[in-house]
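Structural characterization, general
Take a look at the letters that make up each chain.
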Amino acid sequence: MWQLHDIKKQIDKHTVISFDIFDTLLLRPYVKPTDLFLHLEKLEQADGFATARIYARRQARKTHYDKEDVTLDEIYDEIDDIYKPLKQKELDLESQVLQPNPEIKEIYDYAKQQGKRIIIISDMYLSETFLTRVLHKKGFTGFEKLYVSGQYGKTKGSGALYKYVLHDLNLKGKAILHIGDNSYADKKQAERSGLNAVLCPKAIDKLFTQNSRAQTLYNKHPDNLAVSILLGLLALPRYPENYWQDFGYLYAGPVIFGYMQWLQEQLRKDNINEVMFLARDGYTLEKVFNLIKTTKFKTHYFYAPRNLNLAFLNYRPNCSLSEQDALRAITIVLNYYKNKDDFLHQHTPQIKSSAEGVLFIKQHENLYKNLADKEKTMYATYLSQFNLKDNKIAMVDTVSGHLSAQKTLLATLPDKKIQGYYWYTLDWAQADIARYNTQTFQSSHKPAFTDWNLMELFMTAPTPPVEKIDNGQVIFKQPNEHERKRMEIYPDLSQGAVNFAEKYLQVFGKNRLDFPCEILTDWVNILCEIPTVTDKAHFASMYHAWDQEHTQWRPMPRTWFTSSQDGWEEVTQKKKIYILGLPLFKFRATASRWRLMFLHFIELAKYKHSLDKKRFYLLGLQLWKIKKKANKTKFYLLKIPLVCIKTK
């Protein structure tokens, strides 16, 4: 692996420093260079262009068989007439997306500072004039000469271009140090031609080496342009301030950016210009949305506590809630109003079923309705600060089972048409979706994520949950240790996500391509399936409250941990066993247990141990157990005590 100080030492020993361009000085934000053609095809809706463009270069080389390489003009001479107008579009896209490699830029600048002669040698069909203009635009100035294979009809790959350069500059090969990324053309052939050479790895290869998740995603979608662009962006060198900022860039950034791309397009279609982002999920969503918006939107970040919707008596006792959920909903209503009225304070019952609660509310219906009207008036006072002008308002959330925030807005603003936008809504929300205006980024209403709790971390805010809204003011709950930890790390995670959006816009400008929901879901699920030691160390103290009352805390992602009698343990080993290409077996282990599964749901064997017990199970049956207690050890076979050993 090359080191910066080693290359600087090599530069000091040479008179002339030569650089390759593509994947060295300049980086394309794609996995494969030819994905730029596919990107142009999508942007211009020119079906078949990418294939025709690749074929045209092959034909041009056959036509000009007397040359080792061809020019862009010669390539477009061979392409179908319907694609010829795209030549300038291709140049414009190249000029836009090519990014300076900051690691090589530092080497380039060092060579300039040392007064070295700098030349550039590239196997490329683009013209010297175009490449010079792009290099200057990206900060590479002061080079003496640029040699391009298409212009000279000679390539580095054959060594002929190196020989031409030595002759043209009247130099001996050892005077030149060549720096490039291709092991054959930039290293082997350069050295065969008498030059000294340093090989610098491609950015995308470094990403695949350092991040096995990236390689996994690409293996799953090798021909997907959105995946190519996503990984191409992640491969661009960057310098995060800390782990959480880097984590936000890599994972929360693409997720939020893709969701906001979809949202902006939907709002354009629905002709909505005023957007309300629900707290806490909407904190970073709003920031990214305002970065990428191409038309004039007015955005607001607002609170709508879940218990407020229930306080409006929107608990829907006749819906298909489970008894547990229905009981919880009715209990929230009873507790909410218990201290707001003297009669209720004295007479509100301790209910054991939802039916009891519904009966009590119906018996005192007028009292509850009057109290609910007061709550609506107070909440309307809070909403008035946003000065909502439009009749059509978009409300943005992430996931919902009962559309509670949307209902709260509708109940408070009956003269407005509230359109709800969600990543997805749960199955049991279907009855509501039929009655309310909603759209979802994810087409399925079934959970698609290995652990949605991780998505909750991506899309949250550095504030505690809301206790209530009183006289137009938001009153927060007192945060516990888990909330304080999340509030501590989230500003960095959020900044990383914003940095990703900024980088995407800087690289592609108006030449954008949407990230499909399915690709983003795969990216997050792969993260959950492939932990690293560093990830586990940082997530060891991260917990998420999955219940509405924020009392049930679980580690995340849950696939990295497993429950035990004493709490949660880190997963230390996880393997899939393939037979004839099928993942038939799965092995999973922690410090205190291991488990072997067949077809992911049939448990073949399990072993558990603690300080005083060891147990082995076969096909769900406890085969044997060893139990230690004080000075006694017992051996059990099929739960039958077989041997007992006593020690003095």
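Notes on the structure follow.

1. Section: the sheet that holds strand S1 (residues 16-19)
- Strand order across the open sheet formed by 5 strands is S5-S4-S1-S6-S7, with parallel pairing between neighbours. In this open sheet, the two edge strands, each paired with only one partner strand, are strand S5 (145-148) and strand S7 (196-199). Across the sheet, the axes of successive neighbouring strands diverge by a mean angle of 20°, strand direction being ignored.
- Two strands pair when backbone bridges link them, and S1 and strand S6 (residues 176-180) are joined in this way by 4 bridges, in the parallel orientation. Bridged to Ser18 within S6 is His178.
- In the packing of helix H6 (residues 102-113) onto the sheet, contacts are made with S1, strand S4 (117-122) and S6, and the angle to S1 comes to roughly 155°.
- Its contacts with the sheet put helix H10 (residues 183-192) on S6 and S7, and the angle it makes with S7 is roughly 160°.

2. A word on the nonpolar core
- In this structure, Leu231, Met260, Trp423 and Phe458 are the most contacted members of the largest nonpolar core, which totals 134 residues.
- Broken down by element, this core gets its largest block of residues, 15 residues, from helix H14 (residues 243-270).
- Discounting residues that sit within four places of it in the chain, Met260 has contacts with Phe277, Leu285, Val288, Phe289, Ile292 and Val396.
- By size, the runner-up hydrophobic cluster in this structure holds 40 residues, among which are Ala329, Leu334, Leu344 and Leu388.

3. So, helix H5 (residues 86-97)
- Its 12 residues give H5 an end-to-end C-alpha distance of 16 Å, which sits within 8% of 16 Å, the value for a rise of 1.5 Å per residue.
- Within H5, burial applies to Leu86, Glu90, Leu91, Leu93, Glu94, Ser95 and Val97.

4. Thoughts on the packing of aromatic side chains
- A full pass over the atoms with the stated rule returns 52 aromatic pairs.
- Seen in terms of ring centroids, Tyr259 and Trp262 are 5.9 Å apart; in terms of plane orientation they differ by 15°. Their pairing is stacked. Here the residue Tyr259 and the residue Trp262 both occupy positions in helix H14, the gap between them amounting to 3 residues, near one helical turn.
- Tyr259 gets classed as buried once you look at its relative accessible area, which sits at 0%.
- Every member of this aromatic cluster is reached through a ring pair, and the members are Tyr243, Trp244, Phe247, Tyr251, Phe458, Trp523, Phe539 and Trp560.
- One residue, Lys606, lies across the ring of Tyr617, its end atom 4.9 Å from the ring centre.
- Stacked on the ring of Tyr636, the Lys or Arg Lys625 has its end atom at 4.7 Å from the ring centre.

5. Some remarks on the pairing of strand S22 (residues 593-598)
- Alignment of strand S21 (residues 582-590) against S22, held across 5 bridges, turns out to be antiparallel. Looking across to S22, one finds that Phe587 is bridged to Leu596.
- Sheet analysis places S22 next to strand S23 (residues 602-609), joined by 6 bridges and oriented antiparallel. The partner of Phe598 across the bridge, within S23, is Ile602.

6. A short note on the side chain of Lys625
- Locating Lys625 in the fold gives a position in strand S25 (residues 621-629).
- The buried category is assigned to Lys625, whose relative accessible area is 16%.

7. Some details on helix H24 (residues 481-508)
- The end-to-end C-alpha separation of H24 is 41 Å, in line with the 40 Å expected for 28 residues at 1.5 Å each.
- At Tyr490, H24 shows its largest kink, close to 40°, and the proline Pro491 lies no more than four residues downstream.
- Of the residues flanking the start of H24, the one acting as N-cap is Asn480, its side-chain oxygen 3.1 Å from the backbone nitrogen of His482.
- Just downstream of H24, Gly509 is the residue with a positive phi angle, here 55°.

8. What to know about the side chain of Thr440
- Its place among the elements puts Thr440 in strand S14 (residues 438-440).
- A distance of 2.9 Å separates a polar atom in the side chain of Thr440 from the backbone oxygen of Gln442.
- Look past the residues within four positions of Thr440 in its chain and what remains in contact with it is Trp262, Tyr422, Trp423, Tyr424, Thr425 and His445.

9. Here we look at the pattern of salt bridges
- This model, assessed by the stated rule, comprises 32 salt bridges.
- The partner of Asp69 in a salt bridge is Arg61, and the shortest N-O contact between them spans 3.2 Å.
- Residues Asp109 and Lys105 are paired through a salt bridge, measuring 2.9 Å at the closest nitrogen-oxygen approach. Here the residue Asp109 and the residue Lys105 both occupy positions in helix H6, the gap between them amounting to 4 residues, near one helical turn.
- Residues joined in a network through salt bridges with shared partners are Asp20, Lys156 and Asp186.

10. What to know about the sheet that holds strand S12 (residues 417-422)
- Overall, parallel pairing links the 5 strands, which are arranged S9-S8-S10-S12-S14 in an open sheet. Among the strands making up the open sheet, the edge pair consists of strand S9 (298-302) and S14. The average undirected angle you get between the axes of adjacent strands in this sheet is 25°.
- Where strand S8 (residues 274-278) lies against S9, 5 bridges are found, and the strand directions are parallel. Each bridged residue has a counterpart across the sheet, and for Val275 the counterpart in S9 is Thr299.
- The strands that helix H21 (residues 404-412) touches are S8, S9, strand S10 (392-396), S12 and S14; relative to S12, the one it contacts most, it runs at about 170°.

Conventions we followed
- Residue numbers here run from 1 along each chain, matching the order of that chain's written sequence.
- The predicted nature of this model means local features are confined to residues of pLDDT at least 70 and side-chain atom pairs, given and counted, to a pLDDT of 80 or more, with totals for whole chains, interfaces and linings taken over all residues.
- For the side-chain quantities, the full set of heavy atoms in the structure was used; hydrogens and water were omitted.
- Criterion used throughout: strands pair if DSSP finds at least two bridges between them.
- Numbering of helices and strands starts at the N terminus; helices are DSSP runs of H or I of at least 4 residues and strands are runs of E of at least 2.
- The axes are straight lines fitted to the C-alpha atoms, using for helices just the contacting stretch, and the angles between their N-to-C directions are given from 0 to 180°.
- Any two residues whose heavy atoms approach within 4.5 Å are treated as being in contact.
- Joining through side-chain atoms within 4.5 Å is the link that ties buried Ala, Val, Leu, Ile, Met, Phe, Trp, Tyr and Cys residues into a set, and such a set is a nonpolar core.
- Per-residue accessibility, obtained with a 1.4 Å probe over protein chains only, is compared with the maximum for each type, and a residue is labelled buried under 20%, exposed over 50%, and partly exposed between these values.
- To estimate how far a helix should extend, the number of its residues minus one is multiplied by 1.5 Å.
- The criterion for an aromatic pair is that two Phe, Tyr or Trp rings (for Trp, the six-membered ring) have centres within 6.5 Å, with stacked assigned to planes under 30 degrees apart, edge-to-face to planes over 60 apart and tilted to the rest.
- In this analysis the charged atom, NZ for Lys or CZ for Arg, is taken to sit over a ring once it is within 6 Å of the ring centre and within 35 degrees of the ring normal.
- Here the bend at a residue means the angle between the axes of two seven-residue stretches, the one that ends at it and the one that starts at it.
- Polar contact is defined as a pair of N or O atoms within 3.5 Å, subject to the rule that within protein one atom must be able to donate a hydrogen and the other to accept it, and that residues adjacent in sequence are counted only when both atoms are side-chain atoms.
- Throughout this description, the term salt bridge denotes a Lys or Arg side-chain nitrogen within 4 Å of a carboxyl oxygen of Asp or Glu.

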